[in-house]
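# Remarks on the overall topology
Next come the chains, spelled out residue by residue.
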Amino acid sequence: MKTNKLILLISILVLFSSCFKDEDVEKRKNNGITSGLYVLCEGTGSDNNSTLTFFDFKDSVSINDFFSGGLGKNANDMIKLDNKLYIVVTESACVWVVDMKTGQQIARISITDNDGNNRKPRHLTSYDGYVYVSCWDGNVVKINSSTNTIVSTCAVQGRYPEGIAVANGKIYVANSGGLDFPNYDKTVSVIDLNSFSFEKNLTVMENPQTLKAHNGKVYVLSTGNYMTTPQLTVIKNAEIEQTISINMADFDFWQDRLYFFYTSPYASPTTNNDFNFAYLDINNLNATPTVLHQKTLPNMMMPYHINIINNTVFVTDAKNFTNSGEVFALTTEGELLYRFSTLINPSKIIEKLD
């Protein structure tokens, strides 16, 4: 498998100098979807232009608007479960279920309350056949992945939940309070996984948003009022273990490293390459980060999200937030492998293998 991936990367490098082109989506689907990357493209806020890009490893081709008809308004997160993609779309009040083999719709799950009001679904996680959705209305929605139906909800007792993850029998939810500016929330809710009931809130720095689990621990990134230094909080067994102040915009994990990038709050699409890309040893978070790039990635304008798949670090580039974006694939030591175009505001990336 490693040999095959090495050959694949060499092939992509050979093709790197050529221009990537769009292909007819239906023709590509009919011929069969090979190995590649699904990239969720958020679109522009409440505009009806969220979609999927598929990057085909075989031909080094970006296939844009892969989900026929589009996903809706403000697609915000995507996860993989049993060869299916679950895609949450905030303003369209739904979770799409997509067959990874064909790219075709399996189901559209409406995320509304009993009165038909949009719960504003935001982020996803899964465990033991269930998908959990954080919603801005203050609830987590539980979906049975076998039937693609909602089976229960749980109130988090926090405002505007964002990131969500599972670790050691608990569901953790970051309550940002983001729409209540400047009165942000500063809690992480703990939900018992078995009973699906609220247990308690942990207090962190204001405006916690990104929350990810790794090796039994939960890492929470709080951004405060965006002008202060962000804070990373480590939670173990439903208790706060450590906090550090660090300039960080998004992060992901590979082995014992936490990779992250930082973009200045004063940055804009006109301040080209105004970012740092580095990693920390998760066993010594207080150590000085190892910087891999400091304003040195050619043609990257606005780093948006980071995804690590196997041994490849993918950094999405939102450019000016209104036109087509791009994805940069790097080695774990920061060397550029390849890059490819996407639609607007690429965020989450999931690999599909034959």
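Located above this text is the structure these notes cover.
Numbering of residues begins from 1 in every chain and follows the order in which that chain's sequence is written. Totals for whole chains, interfaces and linings use all residues, but because this is a predicted model, local features are given only for residues with pLDDT of at least 70 and pairs of side-chain atoms are given and counted only at 80 or more. Side-chain metrics in this entry use all non-hydrogen atoms of the structure; hydrogen atoms and water are not considered.

Looking now at the environment of phenylalanine 67. Helix and strand assignments follow DSSP, with helices taken as H or I runs no shorter than four residues and strands as E runs no shorter than two, numbered in order from the N terminus. Tracing the sequence through the fold places phenylalanine 67 in the loop between β3 (61–63) and β4 (75–81). Burial here depends on accessible area, computed with a 1.4 Å probe over protein chains only, as a share of the maximum for the residue type. Under 20% is buried, over 50% is exposed, and the range in between is partly exposed. For phenylalanine 67, a relative accessible area of 4% corresponds to the buried category. Between the C-alpha atoms of phenylalanine 67 and glutamine 105, which are 38 residues apart in sequence, the distance is 8.1 Å. Note on definitions: a residue-residue contact is assigned when non-hydrogen atoms from the two residues lie within 4.5 Å. Excluding residues within four positions of it along the chain, phenylalanine 67 makes contact with Thr51, Leu52, Trp96, Val98, Gly103 and Gln105.

Here we take up the pairing of strand β18 (residues 231–236). Counting buried residues along β18, 5 of its 6 residues qualify, which places the element largely inside the surrounding structure. Between any two strands, pairing holds if DSSP finds at least two bridges. As paired elements, strand β17 (residues 217–222) and β18 share 6 bridges and run antiparallel to each other. Within β18, the residue paired with tyrosine 219 across the bridge is valine 234. Pairing analysis gives 6 bridges linking β18 to strand β19 (residues 239–245), with the strands arranged antiparallel. Along β19, the bridge assignment pairs glutamine 231 with serine 245.

Turning our attention to unusual backbone geometry. The omega torsion of the bond from phenylalanine 181 to proline 182 falls at 0 degrees, within 30 degrees of zero and hence cis. If you check the backbone angles, serine 60 has positive phi at about 55 degrees while not being a glycine. Among the structural elements, serine 60 can be located in the loop between β2 (51–56) and β3. Residues other than glycine seldom take positive phi values, yet glutamine 255 does so here, at roughly 50 degrees. Turning to its location among the elements, glutamine 255 is positioned in the loop between β20 (250–254) and β21 (257–263).

Just geometry here; none of it tells us what the structure is for.
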